[in-house]
Amino acid sequence: MANDIAHWRAQIFARLLLVVFLLGLLTAVPSALLAASEGMWSIAIIDTAALVWVGVIWRWRRLSYTARVLNFLVVAFVVGIALLLKVGPVSQIYLLAVPVLAALLLGLRPALWTLGLAGLSVMLLGFQDNANMHLDGLPDYAFLRAAIISINFMFMTAVLTLSCAVLLQHLEGSFDKLSELNAELRLTSAAVARLNDMVLIADTAQQIIFVNQAFERRTGYRREEVLGRNLRLLRGPDTEQAVIDDIELAIAANRAVRAELLNYTKAGDSYWVETELVPLADEHGVNTHWVAVERDITERKKSQDDIHRLAFYDVLTGLPNRRLLMDRIDKLLASSERGATYSAVMFIDLDRFKTINDARGHAIGDALLRSAAERLSQLMRKADTVARIGGDEFVVLLGHLAPELHHATHAALNVAEKIRAAIGQDIEIEGQTYNSTASIGVTMLPRAGAPGHSAQDLLREADTAMYRAKSQGRNGIAFFEAAMQAELERRLTLERDLAAALAGEQLQMHIQAQVDRHGRTVGGELLMRWPLPDGGMVPPGVFIPVAEESGLIVALGNWALRQACAAVLELQAAGLSMPLSVNVSPTQFRQADFVDQVRQALAASGAPAQLLVLEVTEGLLIDKMDDTIARMHQLSAMGLRFSIDDFGTGYSSLAYLKKMPLYELKIDRSFIMDTPHDANSTALVQTILAMAGHLGLRVVAEGVETQQQADFLIAHDCACMQGYLYARPMPLAALITRLSST
């Protein structure tokens, strides 16, 4: 900028004055004394006057810059003219300096004026005989002599003057551009420094050359502590090596990379970042730097870990829950078949637990369960799995025991005996001694003659064997035997009868009312019932799992959907319009034509889609999440609403919940039954209610059977309740009669 050039010129001029004055003292004084001694008083006077004049200009700083420069140029000009008159052409150097200095100190236009003045002066002096301008080899003709001297003088002086002036003009333009760039750089630097995201810049050797304030705040490192150090500085013992390898491969290939990484602060505390590392190239395309932008995602990771733990681990004991157990059984099945080794599944039930729990309360029961979990975990190898699947039921997976069935069975029996002995030891809780034994059922895998065994099959076999152990007097061990196959045959019979009941229209749909905080019926859930000719009922807990395993659940689901459409219309006709929920199994939902089936049911019945709520379980969220969400949005666009049934018992992820077009969450009855007496269940119910409130979701609490449970839920803003306290499931006609009479 102009101010930068002016400042620069002022600095140059100040130093130039000082140098000229000091050199003048060293040269002008001896010159004046020497000239005086030779009687050359005019030279002595000129030198002395010039030195004094320069000294005055140097000290008189209140005078403006331009005035001081003009005075300085006048001194040089006067000295040059005087010396030309007294000494001759050799003194032209003084006049040559005047336009050059003008270009340097004032600019091009003043330089041109002084150049013209100096040239004119030289020419005029060339006409004077007393100017001592005679040179050997030149004619004594005044005009020719003056022309030759002045032209040569003007040529060289013009070259030097214009060179300085043009150079300074370009320098001034560069200053302007540099100033603009500096201003932009200052703004960019200020913006980057104040970003909430951490920013690091490193050279190609991964040496850090810049960090912003967010980096300093989060890591505890000061900028000067990390400059020159490697980007690996923040890694620690738990930083995942696979992620580091991916980053190193990307750096080696000069390509951008995004990753989630565990870093460490200066104090050694770990924190998670989402980092994006981008290469920067120069104008030739050569990578010169790396820029890393890191966002702190520690809280997000913590939430994901909490949700993952809630989904896959038992809250009370910290052991894997049923969901994780089934996954590990599947993997054990696959690996045992490939490796031709035998493994075992053990189903463990604590004898007398219900008696102790009912007599002494949930706190004692919980302590007993935690003790059993700890004892089981201490007995197992690191590769084995101990899981709690509900109540007082535990499952142990023993992987790869032996390649021969006899040896594997013997090893499993030894472990079962150790478990029985460990569980049978007394435990002291709150000063009281308690004792519980264990009934253990064992099944081996893979089992000859049973190809295609599933995790459910193995768990069912171990469960069957456990009941055999319990029926034989408890505190025992039983292996699944071929004789137990009769139970499996009974299930096959049940499957055939269920198919016949569906085809013969023997199944019914009952409705359990859902009420608000004031006890008013605001909706209902359709529940499938299977009446028998003798007046009894096959419990849903018996035939629904059979339908799931056999594939009949798809046909049952389509039938239930049509029944729901008819029920909505019947309620409307009775002047009781309200939403009804109908269960949709994961198997049914994942059918390729499910959306078309729903569309056809709505079109055929004319039922309003907005009064139907599809209840899905969290098991739906495990596989093909993107396809599931896309299908839910298709159905939501038709007017249907979605509810997550048995929320909290499966795979609950906030990240997925936010993406799904949900209407409500249903808290599983297993949590409600222990509320508000059990601290863990109470805390979980409160958490679900608070989370649903933040997400704008309606909550229905299932299994409300006591007024204490209802009061607790109402106090914590639960929108809707369902349970025996308010109504049992009943036929649609009975519900219409009941509602019409109130």
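> Mind showing me how you'd approach the pattern of salt bridges here?
A pair can form between side chains of opposite charge whenever their charged atoms are brought close. This model, assessed by the stated rule, comprises 27 salt bridges. Between Asp327 and Lys331 there is a salt bridge, and its shortest N-O distance comes to 3.3 Å. Here Asp327 pairs with Lys331, and both are found in helix α11 (residues 322–339), just four residues apart, close to one helical turn. Residue classification places Asp327 among the partly exposed positions, given a relative accessible area of 34%. Take Lys331: its relative accessible area is 54%, and that puts it in the exposed class. Put simply, Glu705 and Arg669 hold a salt bridge, and the shortest N to O gap is 2.8 Å. Here the residue Glu705 occupies a position in the loop between β20 (698–701) and α25 (707–715), and Arg669 occupies one in helix α23 (residues 669–672), the gap between them amounting to 36 residues. With a relative accessible area of 43%, Arg669 lands in the partly exposed category. Through salt bridges with shared partners, a single network forms among Arg222, Glu224, Glu225 and Lys266.

> Please explain the sheet that holds strand β11 (residues 438–445) as it appears in this structure.
Sheets are built from strands that pair by backbone hydrogen bonding, the pairs being arranged parallel or antiparallel. Spatially, the five strands line up as an open sheet ordered β7-β8-β6-β11-β12, and their pairing is mixed. This sheet does not close on itself; its edge strands, each paired only once, are β7 (385–390) and β12 (477–479). Taking each pair of neighbouring strands and ignoring which way they run, the sheet shows an average axis angle of 20 degrees.

> Just to check I follow, could you spell out the packing of helix α18 (residues 553–573) against helix α20 (residues 594–605) for this structure?
In a packed pair of helices, the relevant descriptors are the angle between the two axes and the axis-to-axis distance. It is at 10 Å that the axes of α18 and α20 come closest, and there the two elements cross at 30 degrees. As α18 packs across α20, the resulting crossing turns out to be right-handed. Within the contact between the two elements, α18 uses Asn558, Leu561, Arg562, Cys565 and Leu569 and α20 uses Gln597, Val598, Ala601, Leu602 and Ser605. Considering only residue class, the contact of α18 with α20 consists of six nonpolar, three polar and one charged.

> Sorry, what's going on with the pairing of strand β14 (residues 521–531) here?
Side-chain direction in a regular strand flips from residue to residue, so the side chains alternate between the two faces of the sheet. With respect to burial, β14 is a largely interior element, nine of its 11 residues being buried. Sheet analysis places β14 next to strand β16 (residues 580–583), joined by three bridges and oriented parallel. Note that in β16 the partner of Leu526 across the bridge is Val582. Pairing geometry for β14 and strand β15 (residues 537–538), over two bridges, is antiparallel. Following the sheet pairing, Pro531 is matched in β15 by Met537. Joining the antiparallel neighbours β14 and β15 is a turn of five residues, in which Gly535 adopts a positive phi near 95 degrees.

Calculation criteria
- Residues numbered from 1 in each chain as written.
- Predicted model: local features only at pLDDT ≥ 70, side-chain atom pairs only at ≥ 80, totals over all residues.
- Heavy atoms only, no water.
- Salt bridge = Lys/Arg side-chain N within 4 Å of Asp/Glu carboxyl O.
- Helix = DSSP H or I, 4+ residues; strand = E, 2+ residues; numbered from the N terminus.
- Buried < 20%, exposed > 50% of the residue type's maximum accessible area, 1.4 Å probe, protein only.
- Pairing = 2+ DSSP bridges.
- Axes fitted to C-alpha atoms, helices over the stretch in contact; angles between N-to-C directions.
- Left-handed = near helix turned anticlockwise from the far one by under 90°.
- Contact = heavy atoms within 4.5 Å.
- Nonpolar A, V, L, I, M, F, W, Y, C, P; charged D, E, K, R; others polar.

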